Each structure stands twice: as C-alpha cells, then as structure tokens.
Amino acid sequence: MSKYNPHEIEPKWQRFWEERGLMKAREEGEKYYVLEMFPYPSGDLHMGHLKNYTMGDALARFKKQQGYSVLHPMGWDAFGLPAENAALKFGKHPAEWTFDNISRAKESLNLMGILYDWDREVTTCTPDYYRWNQWIFIQMYKAGLVYRAGGLVNWCPKCQTVLANEQVVEGRCWRHEDTLVEKKSLEQWYLKITAYADRLLKDLDKLEHWPEKVKAMQRAWIGRSEGATVRFALEGREEALEVFTTRPDTLFGATFMVIAPEHPLTLEITSPEQRAAVEEYVRAAQLKSEIERQTEDREKTGVFTGAYAINPVNGRKVPIWTADYVLYGYGTGAIMAVPAHDQRDFEFAKKFGLEIVPVIKPADADLPEPLQAAYDGPGVMINSGEFDGLANEEGKKRVTAWLKERGLGEATVTFRLRDWLISRQRYWGTPIPMVHCEKCGVVPVPEDQLPVVLPEISDVEQIRPQGKSPLEAHPEFLNTTCPKCGGPARRDADTMDTFFDSSWYYLRYTDAHNERLPFARDKADYWMPVDQYIGGIEHAVLHLLYSRFFTKFFHDQKMVGVDEPFERLFTQGMVMGWTDYGPVEVEGERVRLSEEARIRLELESAELTLDEVKKMGAELRPHEDGTTHFWKPAVMSKSLGNGVMVGPFVREQGADIARVTILFAAPPEKEMIWTEEGVQGAWRFLNRVWRRVVEDEEALKTLSAGFDPGALEGANKELYRKLNQTIKKVTGDIEGLRFNTAIAALMELLNALYDFRKGNEPNAVYKSAVLSYLQLLAPFAPHIAEELWHRFYENSVFDARWPDYDESALAADTITLVVQVNGKVRARLEVPADISKEEALELAKEQENVRRYLEGKELVKEIYVPGKLVNLVVRG
RNA sequence: GCCGGGAUGGCGGAAUAGGUAGACGCAACGGACUUAAAAUCCGUUGGGGGUUUCCCCCGUGCGGGUUCGAGUCCCGCUCCCGGCACCA
C-alpha cells in the first residue's frame, strides 16, 4: 500500500489547479468575494504571515465547492518606508527589492496551495495602479474634499516625514514605538474625512458582522460629542472667545476660562503685565511633546493671561487662563471652566485658588461643603437664576435655547476625528498630482496627463529622507509647465500616505485591467461588497476607517452602489512560536534571567519564581550545552527568529499538514501557538485519512455508491447518520469561520469510519461516506483530498458539488434519555427516539436508582424534554 | 478612569435558541506488535470517596439570585487581555 507522501502529491495538484484556472473569477451566478488584507511584500513568509491566507483559501475553496462565483484575489501594498529603508541598507532600488520580495512571497503562497485569481493581481507601486490614486485624488479635489493647509503637524524624526493622527500611537510613531512624535508647522495636503464623520459613525450600526471591538475603536476614534458653542465677550475687545461644552447646564458655574497655549488669541489677549509669564509658558508648551504633556502626573499647570471675559448668562467677569490641559486641536481650543462639575477644572481651581460655584446638586441630597471633588452626576440646577430647579438634562436644552435666542451660542456637535494629512516627505509613494504655479496657484494635473510618474532614481543615496521630499532634488521631475497658463511651474514634491493606496484596492480587483477608470461601476456592483474580509486588528482604525471613507465617497460619486465595503470582518489571532530567551540561572525556586532577556520580555525584574515562570506561560528547557534556557511563546517575527518558514516546512513536512496545524490549533480569532506536537497531530490525522481510503481503495472502486437511505439499519444507518451530522456541522462551521471545530468534526467522522470497518466490509453506504468525506476535507487539506478523490474520479474535487445533508437522517432512532431527580442525573437509559411522554416518565420511575430518590417523597412535578431528559421534582 | 472582550481538566479548547460539562486534539500513563526503536493499534486520564459490572459527593474565576434544571440568564465583585485616555 502506498504511503502518504505530501511531496509527491502536492506539487502535482498545484500544477493541476493552476492549469485548470480553478480560482479564476468567472462573473456568473451568485457571487462570493473573499478577501484577506493585502500584505506589504516582505519576502520569504513564515507561518504567522500565512494564517489569514490559509483561512481565506479554505473559505474560497468551500464557496467554490458550493457553486458560487468566487473572487479571491491577491495583491501587494508595495509602496512605503520598509522598501526604502531596505533599499538604503542593501543599496538596491526600492522597486528591485519590492519585486524580489513579491516573487518570493508568491512562492510561499503557492507552496501552501493557496489559490488566487492572479490575473487580477494588484501592485500599488506600478503606474497602472497609482495613476488611479492620482485620479481619485483629483476627483476628491473637485468634490472639495482635498485641501492644503498650514499648521502644526505630527512629525516622526525617524521616518523624516509627517504622519496622520491615526499614525500616532500614545504620542509615538506607529512604526517606531521608541520614537516620540514632534510637532512641526508645515503646509500640507489634507483629505476632508471629517465631512463623513457622522456617516462613518452612524453606519457602524449597519455592520452587524463586524467585531464589537473594532466598531468600539472606530466609535471612540470618531468621538462624537453633543453640546453647545458658547460665545463669551472679551472685556475691552471686539471679538468673542468661543468655547465648546457638553454641559451648557453648568454655564452659571463657569468661574474662569482656559485657552490652549497654541491658540492664536492667547498672546493677543494677554495683558502687558502678564506678557512675560504667558510667553514663557507658551514657549515651554511648544517644546513639550504630547507624551510629556500626558505623563506629567496630571499635575495642572497654567498662567493667568490678565484678560477677562463676560459670562453671557450672568454677566460675571471671569479671568482667562492659559493651560496645556486644554488641547488646541479639539473643540474651539478654549473652554469655559466649571470647577464644581468638572474634575480637571476642579483641580486647576484648587491649585490656583480660583472660585468654585456649585450649580447642580443631586436631586435628593446636598453637595458636601466644601466640595472634595467635582460633582459630575445628574441633578437639579441651583445658583442659576431663572433656571433654578430644572433637571440638568432639561437645563442643557433650555440654556442652549436661551443662548440661541440671543445670538450667544447654539447647539453643536463636535468630533474628535481630524482631517487626514496625506502628504509624505518620502520617495517611495504616489506623487501628488498637483502643480504649483506662481500665477495660477495650485492647479491639479489634468486627467489625460496622468499618471505623474515617479522618477526612477538610480542613485540610492538620493532617496534618503532628509526632512523634505527627495523629489525636491530632481529638477527634471519638479519643473513643469502650468496646465492652466502654460507658464513655468513646479510639481508638488511630496508623495501620498500609502494608506491612500490601500483604501480602494479591493475595488480595483473587481476590474483590475480597466484603463479608463479605476473600476467600472457594473463590475464593482457585481462583486461588492466584500463578503468576508480577513485581517489583523492593527488596522481597526487606520485602514478600515479610511476604506469606509473612500467607499462612501465613491458611492456619492455614483461610482459604486454600496456605501460600506466590507460585509463581514474577521480579525484573526496571531501565530506565536516558542522562543528561546537564552540561559537562566536556577536556584531552588528562583530563576534569574539575563538582562537582555529581561528587556526583551519587558519584565520589571530579572528575578522570577518557578511559579511566576509557569504563570506567564513560559518554560525552562535544557539546552544542548548543559545550561537551562528560558522559553516563552512570542508572536512569530523575523527579528525574534522564531518564525517557522514556509519553504523549508512545506518541503520537509507538507502544505496540508501546515494548513491543518494552523486551522485546528485554536479558534481563529484567538492567538495560536505553533508547536511540534500540533504538527504531529495534523500529520497523524491526515495519515489516518490516507490509510482509511487507500486500504479500501480497490474494494471501493468496484462498489456503487447508490443505496436507499430509508432502508438502512444498524451500523449502516449509524454511519449514514454520522455522515449527515458531519456535513451539517462542517458546512455551518466554515460559514462561521470556525475551522477548529469543523476539523474536530471531521476527526470524529474519521473515527466513525474506522469503527465501521472494524465489523463491516466496505459497502455502498461506506463508499458514499468516504467520497463525501474527501469533499468535506478539501477546503482544509486540498492536496490530499484531491489526490484521493482522483482515485475514483477524473474531475477535481472542487468541481464536485458540496454535499447536502439529509435532514431526515440526522435524528437517531434511539436516544439516551437522562433521568434527573430534582435536577440531578440519576439514570440514563436507551429509549426509542419517538418515545411518548407517558412512556418516558413511566420508564424513568421504574429505574432502580431513581426509585431510591422517590421513596417516601411527594412527586410534585414531572418535566419531559422530548429526546433529551426527564426531570422528576420531589418534596419532603 | 472609561469602553470592548474574556476566565471551563496538565495544555489548546468543545458545549452557537437554559437541558448528560469536558467533544476533538495534545501531553501523560498502562498494554499489544517488534530483537529494539519509531510508526501503528487497544485502553485509562476533572478532583475526592465508597459496599468498585455500579454508586455517592464536589466541580466551568468569586458571592448572591431566577429556574424543575445555570458554563449558558440577572445582580454584585475579582482577576486577565485589548483599546482609549486632561477630548471640555
């Protein structure tokens, strides 16, 4: 009998699928669009890279088997910093490095048997893709969604470029965790994503099949607040100071105001006596990074400006302070401070001895005197003139209306979301298709002149970032003529944020070779929305928010019918690998790590107890050289060197084994730890499949698979039932991406096939079960399934229609009836499935062990759950 | 602090309309086969106890509750993971 040998069969079937164009999208019938977030091309892949592609491939194959018109495309998010950095490091042009990585990554994907429609491959760094970035940019410009503005921007000193707000994480660059983002004043291009803030927020409710976590993160990021704008007249000046507040009901308690140091009015309103102090404070604030502002133990700082404003409701003269706890970027950059009802204002007032006037008190209690902390709960208004006695929620509306009537303010909605800064001072990106003309100002490049091609710079040194765009140094690129007046002009030298590229690539797949448009509406409408999108949680706000924005823009432009791109979103867990953190000293219960390991593990102390080691999921393992090493699972990565590389693994063990290992080890949304034992389990499973089929191959070939399901009995009937239960289970599990339980069900059915063969010869029922089995296995382990399928058929297993289950075969003839007394199980008995309630109860009461519990007690209630259990409730 | 998600054997995890807790796999142990090992096959494996073909008690982070019956529902906690965080 032949042995299961993945190396023999895997390349063979990969070629077969390739030749048959198995995953070519055909655009006929009911569609299904499966998409994994396209990767940054990073060369040889490890198992961590492959988890979502394996999931997507299993789903795509399954949908194909179900007869859907499937789109499963792949592409490369190929512009960006890593290519530049690698280029500089190895002295290669970014393009060369990128295309080399693409071909190596493709090889890894092919080795795993992951099928795509490569005819629709998209590579964002090619002119035939990025010209549409430029085209879209211009359409947005025409729609008034692109603007150029000066002001403070985030600057990463490592990247030597500006960043979008979304790319600043805890005050640091998203690519450089150790690098604090600086502020610079620059004129840059922005996309007006805030114009869509309300829709981006509201439509989250439509995304039923998105993880709650992602929606919560987007809601928080968009940050909608309802409140009021209030104008405070400035003493001795014409203009007013505008503030935003969510608590107009506390307006009578506004005893001072705070204006952000960066606010243009700050220095303007400052009195001569306070000028020196304020200027000093403003300068100090500018030098502080965001992170410093946040980590200063929250101790409030600030300076009196010497200016006063008039509280519009009570005419009170209130001092204006400047303090960095007020952010220039939010609301109006100034606040009315109500220390009695806002903890931050309270702390500030306490520190600087400012007045605290309570204006809300709890309905059924009094506020403590003096206040120990701000009271921010509900209550009724006090010290508020005509509004006294109103519930504060009602007060919000009434005070706002009062302000509105007098032209002093109005209801306002404020968002935390900022417009998207998309200029980048880097080489490897899409040139911004704008021309600066001295006479005409900023002029978009006419559509028929697109693409503005990124010049090939052969000297790698010239692409090195220097704080301004490398393209500035290329006159042949820079100098052009104005499309409007024909006079001399300069091109914009910045490139686009690469998140622009990834905001619409899923639409390009629907019509990848269109030379007139980024995509034709009929193609996009056929395929969109993406039915299942799979990717990492790290894009919860960035890519997934930008893509939603783009889709809504395209929708408004009548370019596509949908206004949300991704019907179902799945965020997969990461793949971890056991990682060696080097030698440790062990003394009894104590373990001492090296300083290097302590830092890598982000531990406070290098000293651990054995108990702590266990708690953190780590292990001590003997090393070859006789020392003991500290091992712990960590996310697979190149830098940790713990990645199991696809090429070597597939060549030594096999693609199907890798696929089953990944899909079975844990629920797909959770992190999985890749282990040798897990691989062993997958190998044993597939081997058992192989042997079960091959051992019976000759016998099965001579049998027909036809039989009358209604006439089955005994073991045949049981096997048929198990098969149908498994079809139902596996079908449902794949739909829900529960691959781990689908494979568990397949293992159970395999065990049932083995059990059947212990007492029975192969027959028609068995043959039908084996063939269906191969179909059910095919999404997960396609090569072995295809190989074994071909022992019986000429055609691909993926051309055979996914099996339906026979509803009438699911129920067993006999069931295990559980008998409980007062909810505790006292007996189990085999009974016919269609047993009547009366019979079941009677039978239950006859049981020896049940009678013991009924003896001398009063039977007060009898519960019968058909097909499941009897519960007898007794008293006494 | 706020928001989201969790907590089930030695381990990964099942139980997806409140109804047999621990499917499936891993690891471990015992046995068969073998000169031996690997592979394979059979069996045992939540804890405790007993009169040991069987029976009892305990058991899904903790404390209450609803129910004939709770891993599942409700209330109150603890801890863990993730996100946000001076956002007015």
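Up top you'll find the structure we're talking about.
Attention in this report is confined to the structure presented alongside it. Values in this document were obtained by computation on a predicted structure and should not be read as measured data.

Considering the pattern of salt bridges
- One pass over the structure, following the stated rule, counts 67 salt bridges.
- Taking the shortest distance from any N to any O, the salt bridge between Asp-366 and Lys-361 comes out at 3.9 Å.
- On the basis of relative accessible area, Asp-366 is assigned to the exposed category, the value being 62%.
- In this structure, the salt-bridge partner of Lys-758 is Asp-755, at a minimum N-O distance of 3.3 Å. Taken together, the positions of Lys-758 and Asp-755, both in helix α25 (residues 739–759) and 3 residues apart, correspond to about one turn of that helix.
- Classification of Lys-758 as exposed rests on a relative accessible area of 69%.
- A relative accessible area of 47% places Asp-755 in the partly exposed class.

Examining the sheet that holds strand β2 (residues 69–71)
- Strand order in the open sheet formed by 4 strands is β2-β1-β28-β29, with parallel pairing between adjacent strands. In this open sheet, the two strands that pair with only one neighbour each are β2 and β29 (569–571). Adjacent strand axes in the sheet meet at a mean angle of 15° when their direction is disregarded.

Things to note about the pairing of strand β38 (residues 858–865)
- Across 7 bridges, β38 lies against strand β39 (residues 869–875) in antiparallel orientation. Bridge pairing in β39 links Ile-863 to Asn-871.
- Here β38 folds back onto β39, and the loop between the two strands holds 3 residues, one of which, Gly-867, carries a positive phi near 75°.

Observations concerning helix α3 (residues 81–90)
- Every buried residue belonging to α3 is among Leu-81, Ala-83, Glu-84, Ala-86, Ala-87 and Leu-88, and all of these are buried.
- Where α3 is buried, its residues contact α4 (94–111).
- Gly-91, located one to two residues past α3, shows a positive phi value of around 70°.

Here we look at the side chain of Gln-532
- Along the chain, Gln-532 falls in strand β28 (residues 532–535).
- A relative accessible area of 4% means that Gln-532 is categorised as buried.
- In contact with Gln-532, other than residues within four places in its own chain, are Tyr-32, Tyr-33, Val-34, Leu-35, Leu-59, Arg-568, Leu-569, Phe-570 and Leu-737.

A closer look at the pairing of strand β15 (residues 303–310)
- Strand direction decides the pairing type here: strand β12 (residues 224–234) and β15, joined by 2 bridges, are antiparallel. Bridging from a neighbouring strand, Leu-234 pairs with Ala-309 of β15.
- As paired elements, β15 and strand β16 (residues 317–322) share 5 bridges and run antiparallel to each other. Within the sheet, the bridge partner assigned to Tyr-308 lies in β16 and is Pro-319.

Considering the protein's contact with RNA strand B
- Taken together, 55 residues form the shell around RNA strand B, and within it Thr-246, Lys-300, Arg-344, Ala-665 and Asn-871 come nearest.
- Among all atoms of RNA strand B positioned within 4 Å of the protein, those belonging to sugar or phosphate total 65%.
- Contact between RNA strand B and Arg-684: a phosphate oxygen at 2.8 Å from a side-chain N or O atom of the residue.
- For RNA strand B, a phosphate oxygen lies 3.1 Å from a polar atom in the side chain of Arg-688.
- Broken down by element, the surface near RNA strand B gets its largest block of residues, 7 residues, from α25.
- Its residues assigned to classes, the surface near RNA strand B shows 19 nonpolar, 12 polar and 24 charged.

Some words on helix α28 (residues 837–846)
- All buried positions along α28 are accounted for by Ala-840, Leu-841 and Ala-844. The buried side chains of α28 occupy one side of the element, clustering within an arc of 95° when seen end-on. Pointing more than 90 degrees away from the buried face of α28 are the exposed residues Glu-838 and Glu-842.
- Against β36 (814–821), α29 (848–854), β38 and β39 lie the buried residues of α28.

Here's the deal with the environment of Tyr-33
- Within the fold, Tyr-33 resides in strand β1 (residues 31–36).
- Residue classification places Tyr-33 among the buried residues on the basis of a relative accessible area of 0%.
- The spacing of Tyr-33 and Pro-73 is 40 residues in sequence and 8.7 Å in space, taken between C-alpha atoms.
- Other than its neighbours up to four places away in sequence, Tyr-33 contacts Leu-71, Pro-73, Tyr-506, Tyr-509, Thr-510, Trp-527, Met-528, Pro-529, Val-530, Asp-531 and Gln-532.
- Only 2.7 Å separates the side chain of Tyr-33 from the backbone oxygen of Tyr-506, close enough to count as a polar contact.

Considering the environment of Glu-242
- By the element assignment, Glu-242 lies in strand β13 (residues 240–245).
- On a C-alpha basis, the gap between Glu-242 and Gly-706 in space is 82 Å, while along the polypeptide they are 464 residues apart.
- A polar atom in the side chain of Glu-242 sits 2.9 Å from the side chain of Arg-231.

So, the packing of helix α5 (residues 127–142) against helix α17 (residues 542–556)
- Orientation of α5 relative to α17, taken along the N-to-C sense of each, is 65°, at an axis distance of 12 Å. Judged by the inter-axis angle, α5 sits roughly perpendicular to α17. At the point where α5 passes α17, the crossing takes the left-handed sense. Of the residues in α17, those in contact with Ile-136, Gln-139 and Met-140 of α5 are Phe-549, Phe-550, Phe-553 and Phe-554.
- In terms of residue class, the contact of α5 with α17 is made up of 6 nonpolar, 1 polar and no charged.

Brief notes about unusual backbone geometry
- Note that the residue after Leu-450, namely Pro-451, is joined by a cis bond; omega there is 0°.
- Among the secondary structure elements, Pro-451 is positioned in the loop between β24 (441–444) and α13 (475–478).
- Omega for the peptide link from Met-528 to Pro-529 comes to 0°, which places this bond in the cis form.
- The topology assignment puts Pro-529 in the loop between α16 (521–527) and β28.
- One non-glycine residue, Gln-160, adopts positive backbone phi at about 55°.
- Here Asn-822, not a glycine, exhibits a phi torsion of approximately 50°, which is positive.
- With respect to the helices, strands and loops of the structure, Asn-822 is situated in the loop between β36 and β37 (824–832).
- When its relative accessible area of 45% is taken as the criterion, Asn-822 is described as partly exposed.

With respect to the packing of aromatic side chains
- Scanning the entire structure with this criterion turns up 48 aromatic pairs.
- A centroid spacing of 4.7 Å and a plane angle of 50° characterise the contact between Phe-348 and Phe-352, whose relative ring orientation is tilted. Residue Phe-348 and its partner Phe-352 are located together in helix α11 (residues 343–352), separated by 4 residues, close to a single helical turn.
- When its relative accessible area of 0% is taken as the criterion, Phe-348 is described as buried.
- Judged by its relative accessible area of 26%, Phe-352 is partly exposed.
- With a centroid separation of 5.7 Å and 65° between ring planes, the pair formed by Phe-499 and Tyr-546 is classed as edge-to-face. Taken together, the residues Phe-499 in helix α14 (residues 498–501) and Tyr-546 in helix α17 connect sequence positions 47 residues apart. Each member of the pair, Phe-499 as well as Tyr-546, is classed as buried.

Some remarks on the sheet that holds β39
- Reading across the sheet, the 4 strands line up as β37-β36-β39-β38 and stay open at both edges, with mixed pairing between neighbours. The sheet is open, and its two borders are formed by β37 and β38, each paired with just one other strand. Between one strand axis and the next, the sheet turns through 20° on average, direction left out of account.
- Of the pairings in the sheet, the one linking β36 to β37 comprises 8 bridges and is antiparallel in character. Its bridge partner being in β37, Gln-820 is matched across the sheet by Val-825.

Cut-offs used in this document
- Residues numbered from 1 in each chain as written.
- Chains lettered and ligands numbered in written order.
- Predicted model: local features only at pLDDT ≥ 70, side-chain atom pairs only at ≥ 80, totals over all residues.
- Heavy atoms only, no water.
- Salt bridge = Lys/Arg side-chain N within 4 Å of Asp/Glu carboxyl O.
- Buried < 20%, exposed > 50% of the residue type's maximum accessible area, 1.4 Å probe, protein only.
- Helix = DSSP H or I, 4+ residues; strand = E, 2+ residues; numbered from the N terminus.
- Pairing = 2+ DSSP bridges.
- Axes fitted to C-alpha atoms, helices over the stretch in contact; angles between N-to-C directions.
- Contact = heavy atoms within 4.5 Å.
- Near = heavy atom within 4 Å.
- Polar contact = N/O pair within 3.5 Å; in protein donor to acceptor, adjacent residues only side chain to side chain.
- Nonpolar A, V, L, I, M, F, W, Y, C, P; charged D, E, K, R; others polar.
- Arc of directions from axis to C-beta.
- Parallel < 35°, antiparallel > 145°, perpendicular 65-115°, else oblique.
- Left-handed = near helix turned anticlockwise from the far one by under 90°.
- Phe/Tyr/Trp six-rings, centres within 6.5 Å; stacked < 30°, edge-to-face > 60°.

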